[in-house]
Structure formats: structure tokens, C-alpha cells
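Coordinate analysis (summary)
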Amino acid sequence: LHISLLSQKSSKREWKPLEEHGCTDVPWLLLFVLFCVGMGFICGFLIATGAAARLLSGYDSYGNICGQKNVKVEGIVNSGLDLTNKKYVFFLDPCNIDLLHQKIKSLALCVSACPMKELRTLADIQKFAETNGSSLCSYELQPSEYTTDPRAAKLCPKYPVPESAPIPFFHRCAPVNISCYAKFAEALITFVSDSSVLHRLISGVMTSKEIIMGLCLLSLVLSMILMVIIRYISRVLVWILTILVILGSLGGTGVLWWLYAKQRISANAVESQIAKDNLQALLIYAISATVFTVILLLIMLIMRKRVALTIALFHVAGKVFIHLPLLVFQPFWTFFVLILFWTYWITVLLFLGTTGNPVPNEEGFVEFRMVGPLKYMWWYHVVGLIWISEFILACQQMTVAGAVVTYYFTREKRNLPFTPILASVNRLVCYHLGTVAKGSFIITLVKIPRMILMYIHTQLKGKENACARCMLKACICCLWCLEKCLTYLNQNAYTATAINSTNFCTSAKDAFVILVENALRVAAINTVGDFMLFLGKVLIVCSTGLAGIMLLNYQQDYTIWVLPLIIVCLFAFLVAHCFLSIYEMVVDVLFLCFAIDTKYNDGSPGKEFYMDKVLM
């Protein structure tokens, strides 16, 4: 009843594609702008309070920032020093990494130069200090005391001191030899039990980097080619899939009945309880398979026209990419903007890690801890990561929807704008940023509780009882399903907004009514279409992986090239997913336009169809 009432209300208001443009969900745009201002305020506050200087210039274990004069910290010796000429952070034991707390367990000092060669003894450390003017031992020891003072065993670096080089922009002395971090890498890569294996894996990646880059480029080219030719092979793929499903179900059912008949003959000769149980089980399996096959065949018979619609939509989507070639580059722009935002977000996150008031720890060194309301900046920053990332992805969806809507509802394709993509971006910026902000916020509201529950589940792993574990997993699963449903509805709401320039709630309601009225068509597109796109991804990954095996096989220098191949296959899948997700988006937008077209037009004069002849 509720859906029928929504349908009646929706039908009262006519759809007027691209005829009216107006600003939508302005309050949500203002809220989003205020939130972004808050994100900027956090960054400014961290820079003003010295967190940025501590991150970029580095600081020692006594709270002194390297390369500048410092203020005395009460209760901490060696604080408040003038370290203008000491611009680099040096760790006395850089290889002592605490995996649990993700930090280096070592005394940190500010030095004027990093040791550019290995120092094997205290005498070498003393000579380095006298030659380069860089004291690698604690501040209370003079270079002349390195070999005579008994405190040098604790206050000087653990030797041999590895060769180090300053990290660009961050003024930290880092060991040049990666074997220093072998234990850390082995802890991350659990299947590596031998450091020599780890070294061979890393050397395989480094020496085959040209091949890896070439194969990544190959996956990119294959993805772009597939987007062009998928319209021609979609019909073949669907029929192959249909024939395989029919043959598989009929063949499986036939084999079960044949086994049942064979077992029945042998059971008459040998009367045993086990034989009777097996015979009864086979009969149940055969009957179940028969029922399943009949239902499957009826569904395929009913859905055959809907499957034909899916093929037609894929064909028209191929035409869209020919008329709108800039659609192919949408993943690049989105990825570029996301990388810029994530870089900013990670930078501010690092600022947050070095902000706060200097507090002495148990060892007598300085740690920076946030107290009071400042502790909640972390949560604000995390919410910002999710909301703004979803906002950027939603902008891509709205841009694609606007461009495809323009293509569909332009009767004469010769009259298309010169750049429909740029026209869509212009409409988005001028009218619909508020709608995008609202839609992305709804996804954020679902995603945050799911992430919190996943974190709780991780923290309680092995501690909670079976019932609590089952409840947590069920809640996480339900929230994941809800997020996927809302994402799909949001995408269709953006399409409705692009067509009618209505606000988010109205567009979501109208799109929901259309989708419910075409439920069988939606099911066909989301099953057959998604499977075809999945096959496309598999094709690209397999082709890239096969090319990688052939190239790496002819290189005799590689002892282990599993890791380069894994890197290439993962990149190929990521690229294929990005490109084919755009294709899937175009198909979904075309379907909603088609459903609206068939609902409000009948081909009569004054109500001519907008659709392509293939869809007719």
C-alpha cells in the first residue's frame, strides 16, 4: 500500500528531463562546508601549536625540536637546549622496533649529520664526532669521553652503527640497509620464515620493476579495450552462460537419477541398512535437483526478455563511451583527487600523533599527549576521512549520471554539448553539491558503526564467547548489506536528480518507486550484468598474469618472482574494477532512464521515445 501511494504521488509530478535546473539541498551543502572548515581548523591548530614542526623537523627523547632553540620542560633534564645546528634525529638503536606499539624503542638525539658509513667501535664513533662535528652519544657526554667514560655503554649508540641517510623532508637518520627492518617485515609477511627468502622477494621486485610497470600499463590498455568491445561480446557471453547453466543443471539431475537407478538395482541384491540409507539419500537429492532444475528453467523462461534488455543496455553503454570518450578517464580524476585528499589526511594524522602537552614517561623521557577536548579531534578527523571520501566518490557518480542522462534524453545525438562531461560537472558544482553531500553523509552514518563493530570484534578476538561473536558478525553483516543497498539507491537518486533537478529525498523516493516497479528487470541486470563484468575482470587479470609469467620465465636472474606477479595481478584487478565499475554505473543510469522513458512515453505523437532503437 505504501509503495502504491508513493507510485501515485510520483506519477502526479511529471518527469521533465533536463528542462529545469535549480539548487538542491542547500542546507546540507552549508553543513558540509562548515565541516570542511572544521577539518581545516584542526590542521591550522596543529601547525600553530608546533605539531607540524615536531613532525617535519623531528624531536629528541627530551622534547627538543631539532634545528631550533627550545623551551625548558619542567622535570626533564637535557630539555630546553639550543639545537640550531643539529637538524637531524638519530636513534641510538634504530633496529629495535616495538611492533605492538608501532614505534622505535630507542633513545633519540638531535645530531648535525647522519653517519654516512658503518661505525664498528666507540673509537670510530669518537672519530666521526671529531671529524664531522656530529656527536652520536647523549648530550651529557663530550666526544673526548666516549672511550673513557663507563656511561658510554648506555649513552652511546649500539654498535656497529649502520650506515644512515636522512629521510627527505623529515630530517630522520634511517639505516640504508633494509635488513635492519627484516624482523619487522617478517612480522608483517607471516609466510616468510627465513630472512633470505624475504631478501630474494624484495630483490625480485626491485630488479623486475620495469617489467612490473610494463605489465601494469598492459592491464590499463586491456581495460580500456574491453570497455569498447564488451558491447559486441555481451550477447555471446550471456548465451554461453545460459547454455552452461542449463546443461549443468540437467546433467547434474540426470546423473543423480542414474545413480539412484543403479543403486536401487544393487540394493535389491544386497539387503543392508547402509544401502537403504544411501538409496533414500540419493532419491532425496535427485528429487531436490529436479525441483531446482524445473524452477531454474521456469525462471530463465520468464527472465529471457529481461536478459535481452541487459544485453541491449550493454550495447547502448558501448555507444555512450563512443560519444562520451572522456567517461573513460573518470577513474583517473577521481583517483587523483582521492590521493590528494588522503595525502592531506595522513599528513594531519601525523600532526595529531605529535601534538599535545609534553609529559614525562616512566623512563624519564618526554611524550606528547592530548588532554581534555583535544582528544576528540581524532574522531572528527576519522569521520572527515569517511565523509569526504564518500563525497568525492558521489561526485563521480553524479558526474557520470549527468553526462549519461544528457546523452539519453537528447533525441538528436548531433546536438549533444561539445563536452557533456564538463557540462555535467558544471551542473554538479552550480546546483547539486548539497545533494551529493547529503547522500554521502547517509553512507557515512552506516559505515562508521560498522567500522566500530569491526574494531570491537578485532579487539575481543579470542576473548568473547560464541554467542557474542555470532551477534557481532551478524550486526556487521547487516550493516554491510544496508550500506550496499543505500549505495545503490543513492546512485539512482543522483540519476533522478540529474534528470529532474529535485532534492535528494524526492529523487530517492522517485527512483525507489521506479526500481520496485521494474524489480525483475533490476534482478536480471544485477545478476547477469554483474557476472559479465566479473568475467571481464577475470579476463584482464588472467591475461596480465599470463603475460607476466611468460616475461618473468625468460629472466634467469630471478630466483623468486611470485611477489612481482602478485603485485601485477592485484594492480590489474584494481584497474579493471575501476574501469568496469564506470561501465556498470553507465548501465544502471541507462536502465533508470529507460524505465522512466517506457513509463511516461508510448511512442505516440507528442510522447515519442527517447531510447535507442536497440532498446526499442
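All values reported here derive from a predicted model rather than from experimental measurement. (Residues numbered from 1 in each chain as written. Predicted model: local features only at pLDDT ≥ 70, side-chain atom pairs only at ≥ 80, totals over all residues. Heavy atoms only, no water.)

1. Description of the pattern of salt bridges
- On inspection of all chains with the given rule, the structure shows six salt bridges.
- Here Arg-151 and Asp-149 are joined by a salt bridge, their closest N and O atoms 3.1 Å apart.
- Arg-151 sits in the partly exposed class, given a relative accessible area of 41%.
- Measuring nitrogen to oxygen at the nearest pair gives 3.0 Å for the salt bridge that ties Glu-483 to Arg-450. Highlighted residues: Glu-483 in helix H14 (residues 466-500) and Arg-450 in helix H13 (residues 420-459), separated in sequence by 33 residues.
- A relative accessible area of 7% means that Glu-483 is categorised as buried.
- Overlapping salt bridges bring together Glu-390, Lys-447, Arg-450 and Glu-483 as one network. (Salt bridge = Lys/Arg side-chain N within 4 Å of Asp/Glu carboxyl O. Buried < 20%, exposed > 50% of the residue type's maximum accessible area, 1.4 Å probe, protein only. Helix = DSSP H or I, 4+ residues; strand = E, 2+ residues; numbered from the N terminus.)

2. Structural notes on the packing of helix H2 (residues 26-48) against helix H11 (residues 330-353)
- At a minimum axis separation of 10 Å, H2 and H11 run at an interaxial angle of 45 degrees. Here H2 lies oblique to H11, going by the angle between them. In terms of crossing hand, the pair formed by H2 and H11 is left-handed. Within the contact between the two elements, H2 uses Met-39, Gly-40, Ile-42, Cys-43, Leu-46 and Ile-47 and H11 uses Phe-341, Tyr-344, Trp-345, Val-348, Phe-351 and Leu-352.
- Residue composition of the contact of H2 with H11, by class: eleven nonpolar, one polar and no charged. (Axes fitted to C-alpha atoms, helices over the stretch in contact; angles between N-to-C directions. Parallel < 35°, antiparallel > 145°, perpendicular 65-115°, else oblique. Left-handed = near helix turned anticlockwise from the far one by under 90°. Contact = heavy atoms within 4.5 Å. Nonpolar A, V, L, I, M, F, W, Y, C, P; charged D, E, K, R; others polar.)

3. Comments concerning the state of the cysteines
- Counted under the stated rule, the structure contains three disulfides.
- Two residues, Cys-66 and Cys-110, share a disulfide whose sulfurs are 1.9 Å apart. Here Cys-66 and Cys-110 share a disulfide; its torsion about the S-S bond, -80 degrees, makes the bridge left-handed. One end of the pair, Cys-66, is in the loop between helix H3 (51-57) and strand E1 (88-91); the other, Cys-110, is in strand E4 (residues 108-111), with 44 residues separating them in the sequence.
- Owing to a relative accessible area of 0%, Cys-110 belongs among the buried residues under this scheme.
- Between the sulfur atoms of Cys-114 and its disulfide partner Cys-173 the distance amounts to 2.0 Å. (Disulfide = S-S within 2.5 Å.)

4. Some words on the pairing of E4
- Where burial is concerned, the two faces of E4 agree: the one with Ala-108 and Cys-110 and the one with Leu-109 and Val-111 are both buried.
- Where E1 meets E4, four bridges bridge the pair, whose relative direction is antiparallel. Each residue of the ladder has a partner; that of Val-89, found in E4, is Cys-110. (Pairing = 2+ DSSP bridges.)

5. Section: the layout of surface pockets
- Considering only enclosed or pocket space, the second largest pocket measures out at about 1200 Å³ in volume.
- Surrounding the second largest pocket, 34 residues form its lining, Leu-393, Gln-397, Thr-487, His-577 and Ser-581 being those nearest its centre.
- Secondary structure elements with two or more residues in the lining of the second largest pocket: H11, helix H12 (377-408), H13, H14, helix H16 (519-553) and helix H17 (562-600).
- It is H14 that contributes the most residues to the lining of the second largest pocket, nine residues altogether. (1 Å grid on protein atoms, 1.4 Å probe; cavity = no way out; pocket = protein on both sides within 12 Å on 5 of 7 lines; lining within 4 Å. Points joined across faces, edges and corners; volume = space filled by probe spheres on them.)

6. Some remarks on the nonpolar core
- Residues Leu-327, Tyr-583, Val-586, Leu-590 and Leu-615 are the most contacted members of the largest nonpolar core, which totals 58 residues.
- Listing elements by their share of this core, those giving two or more residues are helix H8 (209-269), helix H10 (304-323), H12, H14, helix H15 (504-517), H16 and H17.
- Considering each element in turn, this core owes the most residues, 18 residues, to H17.
- With sequence-adjacent residues up to four places away left out, Val-586 is seen in contact with Ala-317, Val-320, Phe-321, Leu-327, Val-400 and Val-404.
- Counting 32 residues, the second largest nonpolar core, distinct from the first, contains Tyr-62, Ala-108, Leu-119 and Leu-136. (Core = buried A, V, L, I, M, F, W, Y, C linked by side-chain atoms within 4.5 Å.)

7. Re the side chain of Thr-444
- With respect to the helices and strands, the residue Thr-444 is situated in helix H13.
- A residue is classified by how much of its surface remains accessible, and Thr-444, at 2% relative accessible area, is buried.
- Here the side chain of Thr-444 touches Ser-440 through a polar contact of 2.8 Å, landing on its backbone oxygen.
- Ignoring sequence-local partners within four residues, the contact set of Thr-444 consists of Val-383, Ile-386, Trp-387, Glu-390 and Pro-449. (Polar contact = N/O pair within 3.5 Å; in protein donor to acceptor, adjacent residues only side chain to side chain.)

8. Considerations on H13
- Along its 40 residues, H13 runs just 49 Å from first to last C-alpha, ending more than 12% under the 58 Å computed at 1.5 Å per residue.
- Within H13, the axis deviates most sharply at His-432, by approximately 85 degrees. (Expected span 1.5 Å × (residues − 1). Bend = angle between axes of the 7 residues up to and from the residue.)

9. Describing unusual backbone geometry
- Even without glycine at this site, Asp-25 takes up a positive phi of about 50 degrees.
- Within the secondary structure, Asp-25 is located in the loop between helix H1 (2-12) and H2.
- Residue classification places Asp-25 among the buried positions, given a relative accessible area of 11%.
- One non-glycine residue, Asn-78, lies in the positive phi region at around 65 degrees.
- Counting through the fold element by element, Asn-78 comes out in the loop between H3 and E1.

10. Side note on the environment of Gly-434
- Here Gly-434 lies in helix H13.
- Judged by its relative accessible area of 1%, Gly-434 falls in the buried class.
- In this structure the C-alpha to C-alpha distance between Gly-434 and Thr-24, which are 410 residues apart in sequence, comes to 6.1 Å.
- Setting aside residues up to four positions removed in sequence, Gly-434 forms contacts with Thr-24, Asp-25, Trp-28 and Leu-29.

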